[in-house]
Amino acid sequence: MNDENREVDFAALGNGRVTSAVLEGVHLRKYFPVRQFKLVGPRNVVHAVEDTSLALYPGRALALVGESGSGKTTVARILARLHEPTAGTILFHGEPEKSRSDLKDYRRHVQIVFQDPFSSLNAVHDVRYHLKRPLRIHGHAHTSAQEMEQVLALLNRVSLSPAEQFIQKYPHQLSGGQRQRVAIARALAARPEVLLADEPVSMLDVSIRLDMLNLLLRLKDEEQLALLFITHDIASARYFAEETLVMYAGQTVEGGPSEEVIQRPRHPYTQLLISAAPDPLRLGPDGKSTTTLPARGEIPSLINPPSGCRFHPWTHCFLYGNGGADLAVNAQDSTREKAREQKADDSSTAQDI
């Protein structure tokens, strides 16, 4: 996605108003070296993220959708400055980082919520410790009284109430949903402008996922947070985010308003993701899906990736400008071509005999 596309897709926001981006990643790339013994020649690298651009706006959510290994989490870690990009630029309010002192201020404004709430919390410390530490580090609380008041307020904001019952509990004494709420409260303690949510509901019980999504939506609206929502569930993206970007094998292959992407997907991989999502309208009388998913084949190597679009070993995706209609037409053309080739081979064999 080039700079012009980025302006078209994400700058023209709702109600005719144009809002400047809080955080932008421009042509981001991230390569990880492969551990190997090699005396000559360049070292092999994993092309985890390849030329990805995105922008986050206040009070808006952008969903980054793709299967495991597509590069979604790497993008979030780059934006959180946990990984340094191999190439590309990160802009905060339109400005790149200029010094190490800027990095501390950047990390206060850009917070991340990890996928696993148990591993992201320190098992030897209670809830109060997890919430008071960012308050102290970023100078939001200077006395014990201020600290206690703000810790209780944070717990109430993430619907952990009565807050006094949770303040002295340890992570192992909380449920998965409660631990994730503590992790969100810890991120809010820094008073961020950007929240990066890395599959925040994927490890939670299905019965509480909607509550967690609604909590994040409420906080986004109340705090006017710019929110990146990473998920492999395209149905959640449609419910949660105004815009959606689809990633495959380290590349963004399609993006735009969520409703547009899901109702009229253009890229074959997006079509495949949507067809894999449960849909009661596609169920037959026996309760089974009436849609047969095509065989995609193997995911391409990220060490030696194919040129161009990384989905092209499965299909020449540049042919599919009109969605499923083109897919069917080209499939029929391919079948006819193979039939003609087979007929020619049979004729040649008959003449040889």
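Residues numbered from 1 in each chain as written. Predicted model: local features only at pLDDT ≥ 70, side-chain atom pairs only at ≥ 80, totals over all residues. Heavy atoms only, no water.

### Side note on the confidence of the model for the chain
Averaged over the chain, the pLDDT score is 81; the fraction of residues at 70 or greater is 75%. The low-confidence segment residues 1-18, where pLDDT is below 50, has 33 contacts with residues more than four positions distant or belonging to other chains. (pLDDT = per-residue confidence, 0-100. Contact = heavy atoms within 4.5 Å.)

### Details of the nonpolar core
With 54 residues, the main nonpolar core has Leu-155, Ile-184 and Phe-240 as its most contacted residues. In contact with Leu-155, other than residues within four places in its own chain, are Val-127, Leu-131, Leu-160, Ala-163, Phe-166 and Ile-167. (Core = buried A, V, L, I, M, F, W, Y, C linked by side-chain atoms within 4.5 Å. Buried < 20%, exposed > 50% of the residue type's maximum accessible area, 1.4 Å probe, protein only.)

### Here's the deal with the packing of aromatic side chains
The description of an aromatic ring pair rests on the distance of the ring centres and on the angle between the ring planes. Summed over the entire model, instances satisfying the criterion amount to three aromatic pairs. For the ring pair Phe-92 and Tyr-106, a centre distance of 5.7 Å and an interplane angle of 75° mean the geometry is edge-to-face. With Phe-92 in strand S4 (residues 87-92) and Tyr-106 in helix H3 (residues 100-109), this pair connects stretches of sequence that are 14 residues apart. Here Tyr-106 falls in the buried class, since its relative accessible area comes to 6%. Ring centres of Tyr-248 and Tyr-269 lie 4.6 Å apart, and the angle between their planes is 50°; this geometry places the pair in the tilted category. Of this pair, Tyr-248 sits in strand S8 (residues 243-248) while Tyr-269 sits in helix H11 (residues 268-276), and the two are 21 residues apart along the sequence. (Phe/Tyr/Trp six-rings, centres within 6.5 Å; stacked < 30°, edge-to-face > 60°. Helix = DSSP H or I, 4+ residues; strand = E, 2+ residues; numbered from the N terminus.)

### Examining the sheet that holds strand S1 (residues 23-33)
The strand order across the open sheet formed by three strands is S2-S1-S4, and the pairing between neighbours is antiparallel. Lying at the two open borders of the sheet, with one neighbouring strand each, are strand S2 (45-56) and S4. Neighbour-to-neighbour, the strand axes of the sheet open up by a mean angle of 20°, direction not taken into account. Sheet topology note: the S1/S4 ladder contains five bridges and is antiparallel. Each bridged residue has a counterpart across the sheet, and for Val-26 the counterpart in S4 is Thr-89. Running over the sheet, helix H2 (residues 72-79) touches S1, S2 and S4 and is turned about 115° from S1. (Pairing = 2+ DSSP bridges. Axes fitted to C-alpha atoms, helices over the stretch in contact; angles between N-to-C directions.)

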